[in-house]
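Residues per chain, in single letters:
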Amino acid sequence: MKKRYLSFIFLIAMFFAVTSENLFAQNSSKEAVVKVEGEVLKTLTLSLSDLAKMPHVEASMKNREGQIQKYSGVPVIEILKQAGVTLGKELKGENLTKYMLVRGSDGYEVVFSLAELDSAFTNRVIILADQKDGKPLADGVGPFRLVVPDENRPARSVLEVSHLIVRFAKD
Ligand SMILES: Nc1nc2c(c(=O)[nH]1)N[C@H]1C(S)=C(S)[C@@H](COP(=O)(O)O)O[C@H]1N2
Ligand SMILES: [Mo]
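Here goes a summary of the coordinates provided. All of these numbers come straight from a predicted model, not from anything done at the bench.

## As for the overall build of the protein chain
Thought 1: Scanning the protein chain for helices and strands turns up 3 helices and 10 strands.
Thought 2: Tracing the protein chain from N to C terminus, the helices and strands come up as α-β-β-α-β-β-α-β-β-β-β-β-β.
Thought 3: Considering the protein chain as a whole, with its 171 residues, one finds that 36% of them fall into the buried category.
Thought 4: Here the analysis covers contacts within the protein chain between residues at least 6 apart in sequence; of these, 60% occur between residues at least 24 apart.
Thought 5: As presented, the protein chain carries roughly 11,000 Å² of accessible surface, and 55% of it is formed by carbon and sulfur atoms.

## Side note on the site of ligand 1
Thought 1: Surveying the vicinity of ligand 1 reveals the residues Asn63, Arg64, Asp106, Tyr108, Arg145, Pro154, Ala155, Ser157, Val158 and Leu159.
Thought 2: At 2.7 Å, a backbone N or O of Arg64 approaches an oxygen atom of ligand 1.
Thought 3: At 2.8 Å from a nitrogen atom of ligand 1 is found a main-chain nitrogen or oxygen belonging to Ser157.
Thought 4: Summarising the interface, the protein chains cover 76% of the accessible area of ligand 1, which totals 530 Å² for the free molecule.
Thought 5: Of all the cavities here, the one that holds ligand 1 is the largest pocket.

## Some details on the nonpolar core
Thought 1: Core analysis: the largest hydrophobic core is formed by 31 residues, its most contacted members being Val36, Ile79, Leu80, Val102, Phe112, Leu146 and Val161.
Thought 2: For this core, the elements supplying multiple residues, two or more each, are β1 (33-38), β2 (44-47), α3 (76-82), β5 (98-104), β6 (109-113) and β10 (161-168).
Thought 3: Of the residues forming this core, the biggest block, 4 residues, is contributed by α3.
Thought 4: When residues no more than four places from it in sequence are discounted, the contact partners of Val102 are Tyr108, Glu109, Val110, Phe112, Leu146, Val158, Val161, His163 and Leu164.
Thought 5: If you look at the next biggest cluster of nonpolar residues, it comprises 7 residues, including Met61, Ile127, Leu137 and Val147.

## Here's the deal with the packing of aromatic side chains
Thought 1: On inspection of all chains with the given rule, the structure shows 0 aromatic pairs.
Thought 2: Between Lys132 and the ring centre of Tyr71, over which it is positioned, the NZ or CZ distance is 5.7 Å.

## Topic: the layout of surface pockets
Thought 1: In this structure, the largest pocket occupies an estimated 340 Å³ of space.
Thought 2: By residue class, the composition of the lining of the largest pocket is 5 nonpolar, 4 polar and 5 charged.

## Some points on the environment of Val85
Thought 1: Following the sequence through the fold, Val85 ends up in the loop between α3 and β5.
Thought 2: Along the sequence, Val85 and Gly38 sit 47 residues apart, while their C-alpha atoms lie 9.4 Å from each other.

What counts as what
Residues numbered from 1 in each chain as written. Chains lettered and ligands numbered in written order. Predicted model: local features only at pLDDT ≥ 70, side-chain atom pairs only at ≥ 80, totals over all residues. Heavy atoms only, no water. Helix = DSSP H or I, 4+ residues; strand = E, 2+ residues; numbered from the N terminus. Buried < 20%, exposed > 50% of the residue type's maximum accessible area, 1.4 Å probe, protein only. Contact = heavy atoms within 4.5 Å. Areas by Shrake-Rupley, 256 points an atom, 1.4 Å probe, with all protein chains shown as cover. Near = heavy atom within 4 Å. Polar contact = N/O pair within 3.5 Å; in protein donor to acceptor, adjacent residues only side chain to side chain. 1 Å grid on protein atoms, 1.4 Å probe; cavity = no way out; pocket = protein on both sides within 12 Å on 5 of 7 lines; lining within 4 Å. Sits in = over half its atoms within 2 Å of the grid points. Core = buried A, V, L, I, M, F, W, Y, C linked by side-chain atoms within 4.5 Å. Phe/Tyr/Trp six-rings, centres within 6.5 Å; stacked < 30°, edge-to-face > 60°. Lys NZ or Arg CZ within 6 Å of the ring centre and 35° of its normal. Points joined across faces, edges and corners; volume = space filled by probe spheres on them. Nonpolar A, V, L, I, M, F, W, Y, C, P; charged D, E, K, R; others polar.

Pasting the structure below:
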């Protein structure tokens, strides 16, 4: 009788332990980060405060309605440099077959060749934006959005960016 009673108490205790753990997991909203990985010397995990420490520039693009939108953020090339990606003088030969895949938290993905990002090749500055009109980006847009100037459609402007992944196109 006593043994049975103890195992019943044990089961109840286990139930509450598991349930409260789940409640805790739901309430502790994880801080959003962008992971930079793949063909990099150093994998990065960037939070809003990491990005805030890096030099910001402004970049504009048209939204779906054709209205010009101005954002502020960090040039993607600066982020890739920090991760040790082959850029500048190293961007030649087979390194020119590398691309950066940008992924959003909904799984949406687009690619850019490294030469599209490198200031040795282009004057266009693509940024990882974290601000618009001096404020953090709205839910569903940010906290991180890729802003791609000079394109006729905003389809490569990934919302809620979660990953920048460098790969070889040959793989
Ligand atoms: N994560 C994510 N980003 C995305 C998309 C998407 O489905 N998921 N759609 C793209 C497309 S097709 C367009 S037209 C633009 C729309 O951006 P806007 O709402 O600022 O016009 O977001 C782009 N970025
Ligand atoms: Mo679109």
